[in-house]
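Residue-level listing of the chains:
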Amino acid sequence: MRRRMSIIGMAVFIVAAAVSSTGVASATGGDPTPFPPGYSRLAGADRYETAVAVSGRYSPGVPVAYVATGANFPDALSAAAVAASDGGPLLLTSPDALPSVVHAELSRLQPASIVVIGGFAAVSPSVERSLEGIAPTSRIAGDDRYATARSVVSSGFATAPTVFLATGASSPM
């Protein structure tokens, strides 16, 4: 169990490091207090549109775009750092249908490839087929959320100097 949590924890740490080092996006939740200079809020009507708002900071021609379910947090949490490290955004989808706003954003981005995160219950084959119409598509999945996280993080990072732990049982946010 400790190893499983460390993989997801490593992803949390790397997300924070990747976002702050690339300057791709700065966002905070719910606090109406004005942001310090250099920070802004990126938001949409729902989690899918918020991911598109963040993705809007990327120019067309990204090397890769990652897509994970927006119905549950673990796959997206583990993929965010790898997406940022690979120079592309992480977008969310419902399990059985690609939201039109996400399809439009992927079409705008013209990624060289798309990586689906999670098994068929998380992102259905029909969503994967929709993505294949935009760019060559592959999938990273494991037997459960922990195995998926391990595969995702291993695909993007050989080592990490520090690991922070987060639970895979409930949202660490």
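It should be emphasised that the depicted structure is a prediction, and the values quoted were computed from it without experimental measurement.

**Q** Pulling in residues and values, what's your account of the packing of helix H3 (residues 74-85) against helix H6 (residues 145-156)?
**A** For the pair H3 and H6, interaxial distance at closest approach is 9 Å and the crossing angle is 5°. In this view, H3 runs roughly parallel relative to H6, as classed from their interaxial angle. Residue-level contacts link Pro74, Asp75, Ser78, Ala79 and Val82 of H3 to Arg145, Thr148, Ala149, Val152, Val153, Ser155 and Gly156 of H6. Here the contact of H3 with H6 is built from residues that sort into 6 nonpolar, 4 polar and 2 charged.

**Q** Describe in detail the side chain of Thr69, supporting the description with residues and values.
**A** Mapped onto the elements, Thr69 comes out in strand S1 (residues 65-69). Exposure remark for Thr69: the relative accessible area of 5% places this residue in the buried category. Within polar-contact distance, the side chain of Thr69 engages the backbone oxygen of Ala122 at 3.5 Å. Other than its neighbours up to four places away in sequence, Thr69 contacts Asp75, Ala76, Leu92, Thr93, Pro95, Ala122 and Val123.

**Q** So what about the nonpolar core? Which residues, and what values?
**A** Tyr66, Leu90, Leu91, Val102, Leu106, Ile117 and Leu131 are the most contacted members of the largest nonpolar core, which has 35 residues in total. Among the secondary structure elements, those contributing two or more residues to this core are helix H2 (47-55), S1, H3, strand S2 (90-93), helix H4 (100-109), strand S3 (114-117), helix H5 (125-132) and H6. Take this core: its biggest share by element is 5 residues, from H3. Those residues in contact with Leu106 that lie beyond four places of it in its chain are Ala65, Val67, Leu91, Pro111, Ile114, Leu131 and Ile134.

**Q** So what's going on with unusual backbone geometry? Residues and values would help.
**A** Most peptide bonds are trans, and most residues other than glycine sit at a negative phi. Look at Gln110: it is not a glycine, yet its phi comes out positive at around 50°. Position of Gln110 relative to the elements: it lies in the loop between H4 and S3.

**Q** Could you give an account of the confidence of the model for the chain, naming the residues involved and the relevant values?
**A** On average, residues of the chain score 82 in pLDDT, and 77% of them reach the 70 mark or higher. Predicted confidence for residues 1-29 stays below pLDDT 50, and this span has 60 contacts to residues more than four positions away or in other chains.

**Q** Please give an account of the pattern of salt bridges that cites residues and values.
**A** Pairing between side chains of opposite charge can happen when their charged atoms approach one another. This model, assessed by the stated rule, comprises 2 salt bridges. Arg139 is paired through a salt bridge with Glu128; the nearest N and O atoms lie 2.7 Å apart. Of this pair, Arg139 sits in strand S4 (residues 137-140) while Glu128 sits in helix H5, and the two are 11 residues apart along the sequence. Here Arg139 falls in the partly exposed class, since its relative accessible area comes to 21%. You can call Glu128 buried: its relative accessible area is 14%.

**Q** With reference to specific residues and values, describe the pairing of S2.
**A** In S2, alternate side chains face the same way, and those of Leu90 and Leu92 on one face and Leu91 and Thr93 on the other are all buried. As paired elements, S1 and S2 share 4 bridges and run parallel to each other. Each residue of the ladder has a partner; that of Tyr66, found in S2, is Leu90. Of the crossover connections in this fold, the one passing from S1 over H3 to the parallel S2 is right-handed.

**Q** Account for the pairing of S3, with residues named and values stated.
**A** A regular strand carries its side chains on alternate faces of the sheet. Side chains of S3 alternate between two faces, with Ile114 and Val116 and Val115 and Ile117 buried alike. Where S1 meets S3, 3 bridges bridge the pair, whose relative direction is parallel. What sits directly across from Ala65, in S3, is Ile114. The sheet contact formed by S3 and S4 spans 4 bridges and is parallel. Residue pairing for S4: Val115 is matched across the bridge by Ser138. Handedness of the crossover is the feature at issue here: the chain leaves S3, passes through H5, returns alongside S4, and the resulting connection is right-handed.

What counts and what doesn't
- Residues numbered from 1 in each chain as written.
- Predicted model: local features only at pLDDT ≥ 70, side-chain atom pairs only at ≥ 80, totals over all residues.
- Heavy atoms only, no water.
- Axes fitted to C-alpha atoms, helices over the stretch in contact; angles between N-to-C directions.
- Helix = DSSP H or I, 4+ residues; strand = E, 2+ residues; numbered from the N terminus.
- Parallel < 35°, antiparallel > 145°, perpendicular 65-115°, else oblique.
- Contact = heavy atoms within 4.5 Å.
- Nonpolar A, V, L, I, M, F, W, Y, C, P; charged D, E, K, R; others polar.
- Buried < 20%, exposed > 50% of the residue type's maximum accessible area, 1.4 Å probe, protein only.
- Polar contact = N/O pair within 3.5 Å; in protein donor to acceptor, adjacent residues only side chain to side chain.
- Core = buried A, V, L, I, M, F, W, Y, C linked by side-chain atoms within 4.5 Å.
- pLDDT = per-residue confidence, 0-100.
- Salt bridge = Lys/Arg side-chain N within 4 Å of Asp/Glu carboxyl O.
- Pairing = 2+ DSSP bridges.
- Right-handed = clockwise from strand over helix to strand, strands pointing away.

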